Amino acid sequence: MQIPYEVSARPDTGLYNAKLGIWLFLASEVMLFGGLFSAYVFLRVGADDGYWPHGLLNVPIGFMNTLILIASSVTVVLAWASLKMRQWSKYKLYMGATIVCGVIFLVVKLSIEWPQKFVHFGAFIKKDRWEQYEVYLGNKHLAEKGLAPRPEITGHLEAIEVSASADAVKTFASDHELEVKPAEAKESGESALVVEAKHAEDGVSPRTAEKLLRLPGVKPVAFEVKLDEINADPDNPENDRPHFIPRSLSEKVAKIKYDDISSWSSFAPKHSSYFAVYFTITGLHGLHVLAGVIVFCYFFFFGEKLYRKNPEHMANRVEVGGLFWHFVDLVWIFVFPIFYLL
Amino acid sequence: MATEASTHDHGHGHEPGHDHGHEDHHELGWWRTYVFSTDHKTIGIQYGLTGLVFLFFGFLLMLVMRWQLAHPGVPVPKIGWLLQAIFGDSAFMTDPQTGVKGVLTSAGYNSFGAMHGTIMVFFGIVPIAFAAFGNFVVPLQIGAPDMTFPRINMASYWSFFISCVIMSVSFFVPGGAAKSGWTSYPPLAGIADLSMDHPLMNGQTLWLIGMIFNITASLLGSVNFIATIIQLRAPGMTWMRLPFFVWAQFITAFLLLLAFPPLEAAGVMQTMDRAFGTSFFMPTGLIVNGHLADWSGGGSPILWQHLFWFLAHPEVYVLILPGIGMVAEVIACNTRKPLYGYKAMVGAIFVLGFLSFIVWAHHMYMTGMGAKVSGFFQTTTIIISVPSVILVTALMLSLWGGSIRFTPAMLFATTFLPMFGIGGLTGIPLAFNAVDLYLHDTYYIIGHFHYVVAPGTIFAIFAGIYHWYPKATGRMLNTTLAHLHFWPSLIFINGIFTPMFFQGMAGVHRRWYDGGATFQQIINPVIHWNNFMSVSAFFLALAQLPFIFNFFWSMFAGKKVPNDNPWDATTVEWDTPTPPGHGNFIKPITVYRGPYEYSVPGADKDYTPQTEPPKADKTVTAPDLLGATPAPAH
């Protein structure tokens with residue numbers, strides 16, 4: 001049994017089956033990402049003043065990824081055109097280039113952009129304690145200029161001060177390459193300890209900190225944070241607006257009392273609505289890129305047999321895959337400005 | 001005459017796929033024929049059987065709940081110990097006074113209620129009405145050899161199957177199945193059964209993952225349906241010659257295609273909330289059990305409601321449109337006259353499909369969206385009743401002047417009209433903000449939408465089963481058993497749902513675990529209905545036994561179909577051998593006429609199949625498709 005219009009177009013619709021199918025599928029994809037983007041709008045509009053962060057992403061890297069995806073959209077069209085002209089070797093060249101672009105995009109995402117987020121530390125200060133951290137937040141300065149307040153202190157976690165017996169944290173510390181020292185000034189009767197990294201420049205990863213604080217008998221007292229430039233010098237007018245390239249860490253270390261914090265974490269999805277949407281959308285987009293790369297690899301390595309048998313069918317396949325690829329590209333064209341620039 | 005051309009193979013009626021040697025050059029193995037099949041008919045039957053099992057399972061969940069509502073705190077008689085053994089101690093407990101096992105707990109009640117809704121909607125009605133009938137009937141009705149993407153079609157069923165497994169398993173994880181209602185409103189759903197040690201193995205997370213698979217299945221199916229209807233219509237099958245059922249499936253597929261993805265997005269987000277601690281739907285300052293919850297906050301529970309109802313309102317039309325389509329087919333065939341106002345019905349179903357996307361927030365009047373937003377959705381909701389009324393009126397008028405054959409299918413189809421009418425008309429007061437504030441979440445709502453879906457869609461499904469069963473199996477269903485199924489079903493289903501209106505208007509809330517015993521002094525005049533409804537539900541279950549017996553018994557011992565077209569129908573699916581083999585048609589199909597040429601004046605019999613070429617020597621006038629002049633009865 002042969003299903004009609006698998007390769008040639010149906011005269012009255014002008015489409016072969018798969019082309020119609022992919023357009024319908026893309027319509028549903030528009031609604032899928034539309035749902036996520038509408039969540040972005042909803043959460044951003046509903047966020048309290050100052051609670052939607054800016055300038056936390058690396059714009060040059062994002063821009064480079066944008067260019068890479070756009071380039072891959074061009075090469076996939078050229079791959080399709082080569083097949084239409086029955087030039088198999090050129091097809092291999094362009095399809096290979098497309099796959100390489102997709103892989104570079106994913107590698108940049110997974111090895112540079114995402115991992116950086118999971119080692120950065122951020123703590124939101126309770127609103128009624130902003131006064132005490134004015135020197136890091138600079139909210140008076142921002143208020144004078146009519147700008148949104150800054151509720152969060154960010155940087156790298158240097159050490160955690162806990163109240164616990166030395167035994168309670170000993171094994172954990174040696175398992176995680178941490179060092180435990182007695183705290184200098186005891187505020188309460190309990191024994192206070194400072195937990196820091198063996199090699200000071202590593203810092204403590206926020207994830208390790210979470211695990212530490214979940215140990216029985218360990219109570220958090222304070223965080224020592226090596227500040228981001230923006231919190232080290234908050235009144236500097238240069239820091240009023242976010243920078244496209246996140247500036248390096250300062251040398252300043254701030255101590256934040258645990259009681260003054262409303263929530264803290266790495267820049268993981270749970271950190272804030274912003275990172276929740278960021279990771280969900282870029283994650284889902286990344287899965288689409290991965291799917292595209294896998295399909296293109298199949299076309300690249302196993303396409304020749306079909307090409308020799310029915311070149312038009314092979315060209316159709318690449319066209320359909322290309323339509324999907326363009327859609328994935330288009331999603332990124334929305335993702336880049338709304339997360340990196342706006 | 002095509003109808004008598006191919007009756008050579010009736011002896012093999014119970015062996016679909018093995019009887020038409022003309023197509024099968026290579027024999028597929030048992031697994032590829034019956035399990036991992038790409039044949040649209042097999043997939044349709046797979047969807048149908050799975051859906052029927054879940055439909056019955058969802059009904060049994062409700063029977064247990066109805067026992068609890070009528071006899072709060074009393075162990076389920078006879079099988080209480082068994083239920084407790086199966087569903088565990090979170091759902092059932094031992095009566096502290098008598099020591100008898102099988103008292104439904106409040107957690108169990110919530111869980112059964114949530115799963116009843118989920119299973120009935122996403123695992124019962126949609127798989128049967130859309131996927132099963134759509135898969136089986138649509139390609140046959142448009143004269144196609146199969147769906148456009150047979151392998152994607154198989155992937156759709158197996159994705160659905162995985163979702164069925166996940167949903168079933170969720171009853172047996174610690175804490176039991178999802179218990180935050182079929183709507184899964186956060187923040188309640190966000191915190192339900194959340195133990196950080198098992199972020200995945202709990203009822204609500206499994207619900208979300210199951211739904212993501214279910215949605216994926218629907219998306220694959222709907223792409224396939226639309227592409228099939230656009231691309232694979234037989235020569236001559238123009239748009240206005242499509243049977244109305246195909247139109248209904250076409251619009252339904254678009255609703256699924258475009259409305260389901262936002263719920264998939266929302267499902268991913270709620271899974272993130274539960275598994276990774278994000279705050280999409282978790283508001284700032286959420287207090288759980290007296291402690292500030294461990295979420296960063298900043299999320300919006302209302303966002304979930306918007307995304308959920310953006311799906312779930314079109315979903316209501318996904319539930320009803322295939323039903324209307326089936327009823328239209330059955331009515332046209334059994335009144336022996338064309339549908340009244342075919343073109344108006346097609347127009348109405350288009351308008352209905354479009355409007356269904358802009359009415360969703362009428363489920364959310366209680367959230368305080370503001371008068372302007374409520375006003376907008378109130379207006380669109382009233383407008384959408386116009387195309388619905390056009391459809392029902394056209395079907396009602398189609399009965400006018402017909403010579404009606406009350407076959408079992410026709411009994412269910414004609415009953416559908418007043419039942420759906422009651423469901424629709426009781427919905428109109430709910431469209432108004434002011435009335436809805438009072439009736440929101442009462443049994444009035446339950447009565448309203450169950451009238452639409454239960455004696456509405458499910459009766460339409462029964463009509464469809466009685467109508468197309470001979471084509472699928474080659475045997476007729478027993479008529480006496482069908483009457484034993486129909487009449488008690490009609491009586492008892494009304495016995496369940498009519499008192500709900502009385503209770504709802506008196507203020508009985510839909511989620512009371514004890515049937516309102518706590519609020520007895522307020523609802524005293526209506527509380528006695530609980531018993532009546534529960535007894536009716538029990539008898540409704542008994543009334544399904546003749547059907548279940550009939551369904552399986554007739555497969556092997558039913559009366560064989562007299563020919564390929566036992567109902568003397570016009571549409572193309574009756575031109576296939578019975579049951580149709582792989583590839584469906586034994587000869588190329590060409591369509592020459594509209595779908596409902598019944599009782600055409602001057603024709604030599606009272607139906608003219610769509611595939612019958614016009615006679616050269618005699619002019620056959622096509623009936624007025626708008627139905628302005630009623631065709632004379634023959």
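Residues numbered from 1 in each chain as written. Chains lettered and ligands numbered in written order. Predicted model: local features only at pLDDT ≥ 70, side-chain atom pairs only at ≥ 80, totals over all residues. Heavy atoms only, no water.

### A closer look at the overall build of chain B
Rules: Secondary structure elements follow DSSP: runs of H or I no shorter than four residues count as helices, runs of E no shorter than two count as strands, and numbering proceeds from the N terminus. Each radius of gyration reported is based on C-alpha atoms, and the globular scaling rule is 2.2 Å times the count of residues to the power 0.38. Burial classification: accessible surface area is computed with a 1.4 Å probe over protein chains only, and a residue below 20% of its type maximum counts as buried, one above 50% as exposed, and the rest as partly exposed. Here, residues are in contact when the closest pair of their heavy atoms is within 4.5 Å. All accessible areas in this document rest on Shrake-Rupley with a 1.4 Å probe, and a residue is counted as covered only by the protein chains that are shown. Residues scored as positive are Lys and Arg, those scored as negative are Asp and Glu, and His as well as the terminal groups of each chain are ignored. All charge positions are set by atom: Lys at NZ, Arg at CZ, Asp at CG, Glu at CD.
When helices and strands are counted, chain B shows 18 helices and four strands. Expected size for 634 residues packed as a compact globule is a radius of gyration near 26 Å; at 25 Å, chain B falls within 12% of this value. Oriented by its inertia axes, the alpha-carbon framework of chain B measures out at about 85 × 55 × 45 Å. Split into buried and exposed, the 634 residues of chain B put 62% on the buried side. A separation of at least 24 residues holds for 78% of the contacts in chain B among residues at least 6 apart in sequence. Total accessible area on chain B is roughly 23,100 Å²; 71% of this is exposed by carbon and sulfur atoms. Side chains of chain B give 26 positive and 31 negative charges; the mean places of these two sets differ by 5 Å.

### Here's the deal with the pairing of strand β2 (residues 101–104) of chain B
All names here are of chain B. Here is the rule: One requirement defines pairing of two strands: DSSP has to find at least two bridges between them.
Pairing of strand β1 (residues 92–94) with β2 involves three bridges; the strand directions are antiparallel. Of the residues in β2, the one forming a bridge with Phe92 is Leu104. The antiparallel pairing of β1 with β2 creates a hairpin that spans six residues between the two strands, and Gly99 there sits at a positive phi of about 80°.

### Some details on the side chain of Ser536 of chain B
The topology assignment puts Ser536 of chain B in helix α17 (residues 529–543). Dropping the residues within four chain positions of it, Ser536 of chain B is found in contact with Phe492, Gly495 and Ile496 of chain B.

### Here's the deal with the interface of chain B and chain A
Note the threshold: Buried area, as used here, totals the accessible surface that two parts lose on assembly, with accessibility defined by a 1.4 Å probe and the loss added over both. For salt bridges, the criterion is a side-chain nitrogen of Lys or Arg within 4 Å of an Asp or Glu carboxyl oxygen. As used in this structure description, the phrase polar contact means that two N or O atoms lie within 3.5 Å; if the pair is within protein, one of them must be able to donate a hydrogen and the other to accept it, and residues adjacent in sequence are counted only when both atoms belong to side chains. Under the grouping applied here, Gly and all other residues not named as nonpolar or charged are polar, the nonpolar ones being Ala, Val, Leu, Ile, Met, Phe, Trp, Tyr, Cys and Pro and the charged ones Asp, Glu, Lys and Arg.
In this assembly, 41 residues from chain B lie in contact with 35 residues from chain A. Interface area for chain B against chain A, summed over the two sides, is near 3,000 Å², with a carbon-plus-sulfur share of 74%. In terms of surface lost to chain A, no three residues of chain B exceed Gln231, Phe280 and Ser296 of chain B, which account for 19% of the buried area on that side. Scanning the region where chain B abuts chain A turns up zero salt bridges. If you look at where chain B meets chain A, you find seven residue pairs in polar contact (both at pLDDT 80 or more). Elements with a minimum of two residues in the side of chain B that touches chain A: α7 (203–231), α8 (244–275) and α9 (301–335) of chain B. Residues that form the side of chain B that touches chain A fall into these classes: 25 nonpolar, twelve polar and four charged.

### With respect to the environment of Val289 of chain A
All names here are of chain A. By secondary structure assignment, the location of Val289 is in helix α9 (residues 273–302). Separated by 190 residues in the primary sequence, Val289 and Ile99 have C-alpha atoms spaced 9.9 Å apart. Look past the residues within four positions of Val289 in its chain and what remains in contact with it is Gly102, Phe105, Leu106, Trp325 and Val328.

### A closer look at the nonpolar core
Here is a general trend for soluble globular proteins: nonpolar side chains tend to be buried in one another's company. This is how the line gets drawn: Within this scheme, the nonpolar core is defined by two criteria: the residues are buried Ala, Val, Leu, Ile, Met, Phe, Trp, Tyr or Cys, and they are joined through side-chain atoms within 4.5 Å.
Residues Phe339 of chain A together with Phe112, Phe244, Leu321 and Ile465 of chain B are the most contacted members of the largest nonpolar core, which totals 247 residues. In terms of residue count, the dominant contributor to this core is α9 of chain B (21 residues). If near-sequence neighbours (up to four positions away) are discounted, Ile465 of chain B is found in contact with Leu52, Phe133, Leu477, Phe547 and Phe551 of chain B.

### A short note on the confidence of the model for chain B
Close inspection of predicted coordinates is inappropriate for parts of the model with low pLDDT. All names here are of chain B. Counted only if it meets this: The predictor attaches a confidence to each residue, called pLDDT, with possible values from 0 through 100.
With 92% of its residues at a pLDDT of 70 or more, chain B has an overall mean of 91. The low-confidence segment residues 1–24 (pLDDT under 50) makes 48 contacts with residues lying over four places distant or belonging to another chain. Note that pLDDT drops below 50 for residues 623–634; the model gives that stretch 21 contacts with residues more than four away or on any other chain. Complex prediction metrics read pTM 0.92 and ipTM 0.93.

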